[in-house]
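# Architecture at a glance
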Amino acid sequence: MTISYDAVLDDMVNVARQAGALTQGYFKRFRDLEIGIKGPADFVSDADKESELLIRKFLFERYPEWSFTGEEFPPVDKADQDFRWLVDPIDGTTNFINGMHYTISIALRRGNETVAGVLYNPPADEMFTAIKGQGSFMNGERLQVSEQTDIGLMCIGTGLPTPGLSLYPGAYDRLDAIRAPIGAVRIVGSAANSCAYVALGRLTGYYEETGFVDTAAGILFVEEAGGIVTDWWGRGPEYFEQTGTMIVANKATHAYLIEKLKDVPRKDPR
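Conventions and cut-offs
- Residues numbered from 1 in each chain as written.
- Predicted model: local features only at pLDDT ≥ 70, side-chain atom pairs only at ≥ 80, totals over all residues.
- Heavy atoms only, no water.
- Core = buried A, V, L, I, M, F, W, Y, C linked by side-chain atoms within 4.5 Å.
- Buried < 20%, exposed > 50% of the residue type's maximum accessible area, 1.4 Å probe, protein only.
- Helix = DSSP H or I, 4+ residues; strand = E, 2+ residues; numbered from the N terminus.
- Contact = heavy atoms within 4.5 Å.
- Pairing = 2+ DSSP bridges.
- Axes fitted to C-alpha atoms, helices over the stretch in contact; angles between N-to-C directions.
- 1 Å grid on protein atoms, 1.4 Å probe; cavity = no way out; pocket = protein on both sides within 12 Å on 5 of 7 lines; lining within 4 Å.
- Points joined across faces, edges and corners; volume = space filled by probe spheres on them.
- Nonpolar A, V, L, I, M, F, W, Y, C, P; charged D, E, K, R; others polar.

## Here's the deal with the nonpolar core
Among the nonpolar cores identified, the biggest contains 33 residues, and Phe221 and Val248 are the most heavily contacted of them. Those elements giving two or more residues to this core turn out to be β7 (126-131), α5 (191-200), α6 (212-224) and β14 (245-249). Other than its neighbours up to four places away in sequence, Phe221 contacts Gly117, Val118, Leu119, Phe128, Thr129, Ala130, Ser136, Ala196 and Ala199.

As structure tokens, this is what we get:
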């Protein structure tokens, strides 16, 4: 099947902007939002659900045979399961409900490969886009990861769970292991946006255990901007796509994080 991914990307950008407009309506009155709790420190709002439904309806109207996996509702398997949308309608819900930057992430998978990605940060009006093999961009400007090699000037992103949150254990031990010699640690609050910041060079690297739906587009941005993506032990997508234990970084920061995280017990895919 011959597909124009440029045309597909245009549709992805279009619907991301529509979802951005919808969610901004909620965001501007964040103090009054009705919030549900999916799990410990795992929040959901009506905006998450409405955003996903908007994106799903738009994409199904244009690509009715392609399948869909989102964050808020069960997956939809269509006739063509080789093509699948991965959508996080609001990545950084905790940010969102507290009036801080959040993102809308849309990735297109073909088989085991991410072929196109879009990430929109509505408060900043930053639109990240990529087609595999064609580079990654923010508002039309081509991206390149940071060239920083000085450990003392590295700026590394991560996320930190609240106590009792059932993510990979030892998050604070890992933070303690990496933080002393580097320039800064930043918690952006959105895994997707953290990946985009690595591609843009705002972060030299980022590591976390997180969901692949959140980060599929962001991983593509980093790879297309010259960065390295592995799990915490240097292994490829067959591992990090399943476990979510990922490092996205420039070459020097990747080497630093691999060294610091190598003694973490392995978490193999089930």
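So that's the structure; there's more coming.
## Description of the sheet that holds strand β11 (residues 184-186)
Pairing is mixed in the open sheet, where five strands are placed in the order β11-β10-β12-β14-β13. This sheet does not close on itself; its edge strands, each paired only once, are β11 and β13 (228-230). Mean inter-strand twist for the sheet, computed between neighbouring axes without regard to direction, equals 15°. Relative to strand β12 (residues 205-209), α5 is tilted by about 155°, and along the sheet it contacts β12 and β14.

## Considerations on the layout of surface pockets
Roughly 160 Å³ of internal volume is contained in the second largest pocket. Taken together, 13 residues line the second largest pocket, and the ones lying closest to its centre are Arg109, Thr114, Glu223, Pro237 and Glu241. When residues of the lining of the second largest pocket are traced back to their parent elements, those giving at least two are β6 (113-121), α6 and α7 (237-243). Per-element accounting of the lining of the second largest pocket gives the leading share, five residues, to α6. Tallied by class, the residues present in the lining of the second largest pocket amount to six nonpolar, two polar and five charged.

Any link to function would need more than the numbers given here.
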